[in-house]
Amino acid sequence: MVQVMSDPQLGMPPVAVEPPQILEPPLAIEVRGLRKIYGNKAAVDGVDLAVPSGAFFGFLGPNGAGKTTTIKMLMGLATPTAGTIRILGLPVPEESLKIKQMIGLVPDESLLFDHLTGAEFLEFVGRLYSLPRPMAQERTRELLSLFELDGNVRKLIGEYSKGMRKRVAMAAALIHRPKLFLMDEPFEGVDAVGARLMKDLLLDQVRQGATIFLTSHVLEVVERLCHRIAIIHDGRLVANGTLDELRSGSENLEDLFVRLVGADRITRDSLDWL
Amino acid sequence: MNFYPRVRGGSWFGVLTQLLWYSLFLFASWGVYLLLSTAKGGVSQYLSPGLLLVFLYWQLVPILLISTGASLDLRKLVAYPIPTGDLFSIEVLLRVTAAIEMFLVLMGAGLGLARNPQLGFWAPLALIPFLFFNLYVATGMRDLIARLMARRRIREVLIFLFVMAAAAPQLLILRDRSSGAHLRGPIKQALDQANLPIWPWGAAARLADGDAVLVSLISLTLWLAGAYAFARWQFARSLNFDAQAASATIEPARPTPPGSIPLLERLYRLPSYFFADPLGALVEKEVRFLTRAPRFRMVFFMGFTFGMVIWLPILLRGGSHSPSAISSNFLTVITLYSMLLLGEVCYWNSFGFDRSAAQAYFVFPVPIRTVLIAKNIAGLFFTFIEMTLITFVCILLRMPVTPQRFLEATAVAVVLSFFLLAFGNLTSTHNPRPVDPAKSMRSGVASRTQMVTILIYPLSFLPIGLAYAARYAFESEAAFYGMLLLDAALGVIIYRIALESSVSRATLQREQMIDALAKNEGPMSGLGLG
């Protein structure tokens, strides 16, 4: 299903593409008419999303566009003002506990408890996801080794660098082998080697049938990894489809992104005195 | 971005309590004004001991209250092109916030000196260098203590020294319980010596009096210069201080024989033997987390040391001839006092230390009810460890700890816990606020905390009071324990209702909760967070 929506603010003409008549995989995320209003401002305004199972889905948008609010609603951290969400076929919030059991999260704000060590945190998370303690400990050891966090086992998370915190958050998201990953800026602050490791791991998870929904400002990463992308601007989706379907001519994702959400800002924001 | 309106519940109460508090000192200031404006024949005899008290209050009370007042967060400001001298000047002026009471008293003193017809017009000016002397010393002390408190191990030693310093006068009195007569001599001597111009308070008083002007002026100038140098030195060290490095875990992992579990690890895992996951995992996490949080360690340590220090003289003064209600229930009294101290962390704001990480409880597959129960169990766990330590210290001090007294203290603590946990769950979900677990000393007192302490504690203690009233009225232990049993039943009902209400609140208002807990301080700390 390909949709390129119109954006009256940008003067974009609406483009409608007929959905292909083939049997589509079940949806990992299905969002209909999602709205979130704070006061009199709509942070998310009527978003429809369909993320097929097994997809690597990139969710993009400029700062303040509504990415984090959307992903927070998917994670259950924020309540939608209107609209419906189904995750892995189950409705939110009715089946929240079942859904949470099947998803792995890397949010923008840290879920990490500063006064635990990385090993203690991973074991804690594993046990919350119903792993028996010995299995949680075994997986913790393996994940710490994989993410090269086993150097100083007594170091508290509060003493970790930003990149280390992201790595331990990623390890925590993996410990229970989720079917769906919701990730908000997972590569932010991670060094090149760590980022490469994380990307390889995520691609491997997708190959095994998991679905990944991520937001990122690093467009090269999204361009290289994601099968499908959606772009949100001022709370509304302005694009949704595969990169090939969305770009015109030889433009890359950055060109597409700037064309859809930033062209007017670039000319408007130039300052005389600078 | 925060779209939510600021919650202002409780601020009016904070204003009211502060107004009352400062009115008391305004009244004291007026008294000082009256005394000094009408004093005849040398004001220095009153002024120098008064200034000594001002000095002691200004420098010691913030330490004893584990509160530093407002201060600049240098980590956030050091990156900007602000001259160090400007930052230092602001920091010095902020030291007024650590003892506004004394500022008021000094104002009264200054006006009194100005109105005294026997003194020259310059008399009140003598207080200005004394004021700056206090500000500089307070700045230096604050920086020094904040740095020491950030260091592992040193922090614990420092807390012990504070407690001992607070205990010293009490212990001196206890040494001769019949009278404090032997103390009067040294106290009088100290007050007499306070008038000597070699001390800053003596020099300022003499200067105001126009007595020994040259010596006093030199003395005061030297003290002021010394205090300034001390403050600048400590400020410069704080500017370059890396708190994170100081508090870092530096010990390498100790090798343990394969298959063996260290003693502390066994303690952490203790709850998991009694509770299945996820409850067991959550309680274990709370125990680990709190044990390592400097703020909690401070409160916990104060519970069984400071509690003893404060109550011991009152308890022992009752004597064996005519035991008072307090002295005959010393174990219960100290236990309840320690619960009051622990309340800040274990009951009233149980998500405070988690700060933004509290959102984890909403994304992990665990009902929020389980999370609250886990936090409550962890609170009880520490309350009973605290109580055990108090009993142990009482036995060490050869106080008559009998099984009956222990049983009574335990029963009262359990019953009271139901009420405290019930109210605590409500306040934790209705008024969550972030607390930095790494800061041993708080930088300000939130008005909501005052409200909780003043309103909810008496309400929680009321059923316990009824049990004691029943014992007194019927002169019967059965009446006491019967009433306590009724209290327990009531407590369980209230706890369950409050738990459901808290769960509902946390579920419906999770965004506001997470938002409130994720708030950070600005460049000036101590103006909002508890």
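Residues numbered from 1 in each chain as written. Chains lettered and ligands numbered in written order. Predicted model: local features only at pLDDT ≥ 70, side-chain atom pairs only at ≥ 80, totals over all residues. Heavy atoms only, no water.

1. A short note on the overall build of chain B
Looking only at helices and strands, chain B has 21 helices and two strands in total. For chain B, the residues scored as buried account for 50% of the 530 residues in total. Restricting the contact set of chain B to residue pairs at least 6 apart, pairs at least 24 apart contribute 81%. Just so you have it, chain B exposes about 25,500 Å², and 70% of that area is on carbon and sulfur atoms. (Helix = DSSP H or I, 4+ residues; strand = E, 2+ residues; numbered from the N terminus. Buried < 20%, exposed > 50% of the residue type's maximum accessible area, 1.4 Å probe, protein only. Contact = heavy atoms within 4.5 Å. Areas by Shrake-Rupley, 256 points an atom, 1.4 Å probe, with all protein chains shown as cover.)

2. Observations concerning the overall build of chain A
The helix and strand inventory of chain A stands at nine helices and 12 strands. Counting the 274 residues in chain A, one finds 52% classified as buried. Partitioning the contacts of chain A with sequence separation of at least 6, the portion at a separation of at least 24 is 68%. Summing over all exposed atoms, chain A offers an accessible surface of approximately 12,300 Å²; the carbon and sulfur share of this is 53%.

3. Things to note about the packing of aromatic side chains
Each aromatic ring pair is summarised here by two numbers: the centre-to-centre distance and the angle between the ring planes. Tallied over the full model, the rule gives 30 aromatic pairs over all chains. A ring pair is formed by Phe 121 of chain A and Phe 124 of chain A, whose centres lie 6.5 Å apart and whose planes are at 50°; its orientation type is tilted. Of the two residues, Phe 121 of chain A and Phe 124 of chain A both sit in helix α3 (residues 118–128), three residues apart, roughly one turn of that helix. When the ring of Phe 27 of chain B is compared with that of Trp 30 of chain B, the centres are 6.0 Å apart and the planes differ by 40°; the resulting orientation is tilted. Separated by three residues within a single helix, Phe 27 of chain B and Trp 30 of chain B lie in helix α1 (residues 11–38), roughly one turn from each other. Since its relative accessible area comes to 58%, Phe 27 of chain B is described here as exposed. We classify Trp 30 of chain B as partly exposed; its relative accessible area is 49%. Three or more aromatic residues link up through ring pairs in this structure, and these residues are Phe 113, Phe 121 and Phe 124 of chain A together with Phe 289, Phe 351 and Tyr 361 of chain B. A cation sits over an aromatic face here: Lys 285 of chain B above Phe 289 of chain B, 4.9 Å from the ring centre. (Phe/Tyr/Trp six-rings, centres within 6.5 Å; stacked < 30°, edge-to-face > 60°. Lys NZ or Arg CZ within 6 Å of the ring centre and 35° of its normal.)

4. Some thoughts on the nonpolar core
If you look at the biggest cluster of nonpolar residues, it comprises 159 residues, and the most contacted ones within it are Phe 121, Leu 182, Phe 213, Ile 229 and Ile 231 of chain A together with Phe 296 and Phe 364 of chain B. Broken down by element, the residue count for this core peaks at 11 residues, all from helix α17 (residues 368–396) of chain B. Setting aside chain neighbours within four positions, we find Leu 182 of chain A in contact with Ile 29, Ile 71, Leu 74, Met 75, Ile 103, Gly 104, Leu 105, Val 106 and Phe 213 of chain A. The next biggest cluster of nonpolar side chains, apart from the first, holds 48 residues, and it includes Leu 36, Tyr 57, Leu 72 and Phe 133 of chain B. (Core = buried A, V, L, I, M, F, W, Y, C linked by side-chain atoms within 4.5 Å.)

5. A word on helix α13 (residues 279–292) of chain B
Along its 14 residues, α13 of chain B runs 20 Å from first to last C-alpha, staying within 8% of the 20 Å computed at 1.5 Å per residue. Among the 14 residues of α13 of chain B, 14 are classified as buried, and the element is accordingly described as predominantly covered. (Expected span 1.5 Å × (residues − 1).)

6. Section: the pattern of salt bridges
Following the criterion strictly, the structure yields 28 salt bridges over all chains and no others. In this structure, a network of salt bridges that share partners links the residues Glu 120, Glu 123, Arg 127 and Arg 133 of chain A together with Glu 265, Arg 269, Asp 277, Glu 284, Arg 288 and Arg 292 of chain B. (Salt bridge = Lys/Arg side-chain N within 4 Å of Asp/Glu carboxyl O.)

7. Re the confidence of the model for chain B
Residues and elements named next belong to chain B. With 77% of its residues at a pLDDT of 70 or more, chain B shows a mean pLDDT of 79. Of the regions scoring below 50 in pLDDT, residues 526–530 engages in 13 contacts with residues more than four places distant in sequence or in other chains. Overall fold confidence for the complex sits at a pTM of 0.76, while the interface term, ipTM, reaches 0.84. (pLDDT = per-residue confidence, 0-100.)

8. Observations regarding unusual backbone geometry
In this structure, the amide linkage connecting Val 92 of chain A to the following residue, Pro 93 of chain A, adopts the cis form with an omega of 10°. Inspection of the secondary structure puts Pro 93 of chain A in the loop between β7 (90–92) and α2 (96–102). Cis geometry is adopted by the peptide bond preceding Pro 278 of chain B, which originates at Asp 277 of chain B and carries an omega value of 10°. Assignment of secondary structure puts Pro 278 of chain B in the loop between α12 (263–274) and α13. In this model, Ser 130 of chain A sits at a positive phi of 70°, which is unusual for a non-glycine residue. Turning to its location among the elements, Ser 130 of chain A is positioned in the loop between α3 and α4 (133–146). One non-glycine residue, Glu 148 of chain A, adopts positive backbone phi at about 55°. Here Glu 148 of chain A lies in the loop between α4 and α5 (162–174). Accessibility expressed as a relative area gives 56% for Glu 148 of chain A, which makes it exposed.

9. What about the packing of α3 of chain A against α4 of chain A?
Residues and elements named next belong to chain A. Contact pair α3 / α4: the axes reach a minimum separation of 8 Å and the direction vectors enclose 135°. Taken together, the axes of α3 and α4 are oblique relative to one another. In the packing of α3 onto α4, the handedness of the crossing is right-handed. Between α3, through Gly 118, Ala 119, Leu 122, Glu 123, Gly 126 and Arg 127, and α4, the contact on the second element is made entirely by Arg 133, Ala 136, Gln 137, Thr 140, Leu 143 and Leu 144. (Axes fitted to C-alpha atoms, helices over the stretch in contact; angles between N-to-C directions. Parallel < 35°, antiparallel > 145°, perpendicular 65-115°, else oblique. Left-handed = near helix turned anticlockwise from the far one by under 90°.)

10. Brief notes about a nonpolar patch on the surface
Residue and element names in this part refer to chain B. A grouping of Phe 121, Trp 122, Leu 125, Ile 128 and Phe 132 is seen on the molecular surface, where their side chains present a nonpolar patch of about 550 Å² in accessible area. With respect to the element layout, Ile 128 can be found in helix α6 (residues 127–149). For Ile 128, a relative accessible area of 42% corresponds to the partly exposed category. (Patch = residues over 30% accessible without salt bridge, like charges linked within 9 Å, V, L, I, M, F, W, Y side chains within 5 Å.)

11. Brief notes about the interface of chain A and chain B
Tallying the contact residues gives 36 residues for chain A and 41 residues for chain B. Summing the contributions of chain A and of chain B, the shared interface buries around 3,600 Å²; its carbon and sulfur component is 59%. Summed over the shared surface of chain A and chain B, the number is six salt bridges. Among the ionic pairs, Glu 120 of chain A bridges to Arg 292 of chain B, the shortest N-O distance being 2.6 Å. There are 14 residue pairs in polar contact (both at pLDDT 80 or more) connecting chain A and chain B. Only β3 (27–38), α2, α3 and α4 of chain A provide two or more residues apiece to the side of chain A that touches chain B. Looking at which element gives the most residues to the side of chain A that touches chain B, the answer is α3 of chain A, with six residues. (Buried area = accessible area lost by both parts, 1.4 Å probe. Polar contact = N/O pair within 3.5 Å; in protein donor to acceptor, adjacent residues only side chain to side chain.)

12. Points about the state of the cysteines
Scanning the model with the defined rule gives zero disulfides over all chains in all. Of all cysteine sulfurs, the one in Cys 346 of chain B lies closest to Cys 394 of chain B, which takes part in no disulfide; the gap is 20 Å. (Disulfide = S-S within 2.5 Å.)

13. Concerning the side chain of Thr 291 of chain B
Residue and element names in this part refer to chain B. If you trace the backbone, Thr 291 turns up in helix α13. At 2.4 Å, the side chain of Thr 291 forms a polar contact with the backbone oxygen of Val 287. With near-sequence residues (within four places) excluded, Thr 291 lies in contact with Tyr 268, Phe 296, Arg 297 and Phe 382.

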